[in-house]
Amino acid sequence: MKKSLISTASLDLETVKHLMALATERLDEGYATSLRGHTCATLFFEPSTRTRLSFELAAQHMEMNVLNFNVKTSSLTKGESFEDTLDTLMAMEVEAVILRHKEDGLHERLLGYVGDELSIINAGSGVTDHPTQALLDALTLYHLVDDDMDRLCNLTIGIVGDLRHSRVASAHIALAKIMGWNLVLIAPDELQTFHDPTEHSNINTSDSLKETLPQLDVVMALRLQKERLGEGESCEKAQALVESLQITEALMNSYAQPECKVMHPGPINWGVELGHCLSGRHNPRTLMQQQVRNGVAIRMAALEWCLNNPEVVEEDVNPAL
Ligand code: NCD
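Residues numbered from 1 in each chain as written. Predicted model: local features only at pLDDT ≥ 70, side-chain atom pairs only at ≥ 80, totals over all residues. Heavy atoms only, no water.

**Here's the deal with the site of the ligand**
So, step 1. The environment of the ligand is made up of T51, R100, H130, Q133, R167, V168, R223, Q225, P265, G266 and P267.
So, step 2. At 2.7 Å from an oxygen atom of the ligand is found a side-chain nitrogen or oxygen belonging to H130.
So, step 3. Taking Q133, its side chain carries an N or O atom lying 3.4 Å from a nitrogen atom of the ligand.
So, step 4. Its free accessible area being 310 Å², the ligand has 94% of it covered by the protein chains.
So, step 5. If you map the ligand onto the pockets, it falls in the largest pocket.
So, step 6. Residues belonging to the shell around the ligand are distributed by class as follows: three nonpolar, five polar and three charged.
So, step 7. Looking at the shell around the ligand, you find at least three residues from each of domain 1 (13-130 + 292-311) and domain 2 (131-287). (Near = heavy atom within 4 Å. Polar contact = N/O pair within 3.5 Å; in protein donor to acceptor, adjacent residues only side chain to side chain. Areas by Shrake-Rupley, 256 points an atom, 1.4 Å probe, with all protein chains shown as cover. 1 Å grid on protein atoms, 1.4 Å probe; cavity = no way out; pocket = protein on both sides within 12 Å on 5 of 7 lines; lining within 4 Å. Sits in = over half its atoms within 2 Å of the grid points. Nonpolar A, V, L, I, M, F, W, Y, C, P; charged D, E, K, R; others polar. Domains from an automatic or database assignment.)

Shown next, in the form of structure tokens:
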């Protein structure tokens, strides 16, 4: 019986804490754990550097067999269905499929098809979700407050940029509801989230970065998701809006608290959503390197939780899974 990780909203606080603890253990113990003999496959229908490589590395750290499914040369191009593809993988005793796809709802449909016989892990779905990204960000914040859960749940986090087309923003809205921390969604109307977060008192929106920055413990920038702009949405206009919200070192020094950190899920368009002055892997203002490092650990935890963790009771997690 396998668990899947399809949506951030399906997690609860206990599970998030469990995954963060497991990931922290992996980091502290030099990744010592084993899922030897288990097999996973990565199926990425959209470009990826961090997510794909960190899932593959996470699986390799645990001595798993990792199949890198090449979408372009697969039989999907000959008209084979997703369902037949998953049947084929299951016949080869693949136990987990790590899937990124632009279509919202595909992961849920495939979960309905495989049930608990195959674990499906969402590595990014359309504009709606990216649970392991939200979890690795939570882990980064947890370490920022010295592993203090109370401080973590009291943080104020701003997300700025193209929220409308970002699955990272969607995942963070779901995560803020679980964690209870304060989330401020900063964007002009054109790029503001399509979710309605107003029923949650800990989630607010703003169109002013300068007014919001002084309250924030962390500000997360998002790139313009050009590939998801709809008809009638001008790329030039959206780009200019994101540039007008650019986080620079000078802006941080003028408006943010001295300890306020900058995060970004990557990939970054320097000079657009983040100023060049914030680049450099040792920049003390930024947490991007920690995010990537934590991504490996959180994906180890996610794989372990899905394949090998009898102690989490199914109905405590999500009755739908
Ligand atoms: C994000 C993604 O692909 O959804 N990046 C990531 O997974 N690290 C965000 C993005 O593409 O901008």
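Back to the text.
**Section: the packing of helix 5 (residues 131-144) against helix 11 (residues 288-308)**
So, step 1. One way to put it is that helix 5 packs onto helix 11 with a least axis distance of 8 Å and a crossing angle of 120°. Note that helix 5 runs across helix 11; the crossing there is right-handed. Contact with helix 5, carried on its side by T132, Q133, L135, L136, D137, L139, T140 and H143, involves Q290, Q291, N294, G295, I298, R299 and A302 of helix 11 and no other residues of that element.
So, step 2. For the contact of helix 5 with helix 11, a count of residues per class yields five nonpolar, eight polar and two charged. (Axes fitted to C-alpha atoms, helices over the stretch in contact; angles between N-to-C directions. Helix = DSSP H or I, 4+ residues; strand = E, 2+ residues; numbered from the N terminus. Left-handed = near helix turned anticlockwise from the far one by under 90°. Contact = heavy atoms within 4.5 Å.)

**A short note on the domain arrangement of the chain**
So, step 1. Along its sequence, the chain is carved into domain 1 (13-130 + 292-311) and domain 2 (131-287).
So, step 2. On a C-alpha basis, the centroid separation for the pair domain 1 and domain 2 is 26 Å.
So, step 3. Facing the 28 residues of domain 1 at the interface are 28 residues of domain 2.
So, step 4. Buried surface at the junction of domain 1 and domain 2, both sides included, amounts to about 2,200 Å², of which 67% is carbon and sulfur.
So, step 5. Three residues, M20, V127 and H130, lead the burial of domain 1 against domain 2; their summed loss comes to 30% of the area buried on that side.
So, step 6. On inspection of domain 1 and its partner domain 2, the count reaches two salt bridges.
So, step 7. Joining domain 1 to domain 2, the criterion identifies 10 residue pairs in polar contact (both at pLDDT 80 or more).
So, step 8. Elements with a minimum of two residues in the side of domain 1 that touches domain 2: helix 1 (13-28), helix 2 (50-61), strand 3 (96-101), strand 4 (119-125) and helix 11.
So, step 9. Broken down by element, the side of domain 1 that touches domain 2 gets its largest block of residues, eight residues, from helix 1.
So, step 10. Tallied by class, residues from the side of domain 1 that touches domain 2 come to 11 nonpolar, 10 polar and seven charged. (Buried area = accessible area lost by both parts, 1.4 Å probe. Salt bridge = Lys/Arg side-chain N within 4 Å of Asp/Glu carboxyl O.)

**A closer look at the sheet that holds strand 5 (residues 156-161)**
So, step 1. Strand order in the open sheet made by the five strands is 7-6-5-8-9, with parallel pairing throughout. Edge positions in the sheet fall to strand 7 (203-206) and strand 9 (261-263), since each has one partner strand and no second. Averaged over all adjacent pairs, the angle separating strand axes in this sheet is 25°, with direction ignored.
So, step 2. Pairing of strand 6 (residues 182-186) with strand 7, which is carried by four bridges, proceeds in the parallel orientation. The residue bridging I186 from the neighbouring strand is S206, located in strand 7. (Pairing = 2+ DSSP bridges.)

**Topic: the nonpolar core**
So, step 1. Judged by nonpolar contacts, the single largest core of 70 residues is most densely connected at L152, W181 and L303.
So, step 2. The element that contributes the greatest number of residues to this core is helix 11, accounting for 10 residues.
So, step 3. Not counting chain neighbours up to four residues away, the residues in contact with L303 comprise L35, F55, A58, A59, M62, M64, A96, I98, I121 and N308. (Core = buried A, V, L, I, M, F, W, Y, C linked by side-chain atoms within 4.5 Å. Buried < 20%, exposed > 50% of the residue type's maximum accessible area, 1.4 Å probe, protein only.)

**Observations concerning helix 9 (residues 235-244)**
Because the α-helix completes a turn every 3.6 residues, residues three or four places apart line up on one side.
So, step 1. Within helix 9, burial applies to A238, L241 and V242. Burial along helix 9 is one-sided: seen end-on, the buried residues are contained in an arc of 95°. In helix 9, the exposed residues that point more than 90 degrees away from the buried face are E236 and S244.
So, step 2. Close packing links the buried residues of helix 9 with strand 8 (218-222).
So, step 3. The opening residue of helix 9, the one whose side-chain oxygen lies 3.4 Å from the backbone nitrogen of E236, is S234. (Arc of directions from axis to C-beta.)

**Points about unusual backbone geometry**
So, step 1. The linkage connecting G266 with the following residue, P267, adopts the cis geometry, with an omega of -5°.
So, step 2. Considering the arrangement of structural elements, one finds P267 in the loop between strand 9 and helix 11.
So, step 3. The phi torsion at D147 lies on the positive side, around 60°, for a residue other than glycine.
So, step 4. Note that D147 resides in the loop between helix 5 and helix 6 (149-153).

**Re the sheet that holds strand 3**
So, step 1. Taking strand neighbours across the sheet as the criterion, the four strands line up as 2-1-3-4 in an open arrangement whose pairing is parallel. Two strands close off the open sheet at either side, each with one partner strand: strand 2 (65-69) and strand 4. Each adjacent strand pair in this sheet contributes to an overall mean axis angle of 15°, direction not counted.
So, step 2. By the bridge criterion, five bridges tie strand 1 (residues 39-44) to strand 2 in an arrangement that is parallel. Following the sheet pairing, A41 is matched in strand 2 by L67.
So, step 3. In the packing of helix 2 onto the sheet, contacts are made with strand 1, strand 2, strand 3 and strand 4, and the angle to strand 2 comes to roughly 155°.
So, step 4. Against the sheet, helix 11 touches strand 3 and strand 4, its axis set at about 150° to strand 4.

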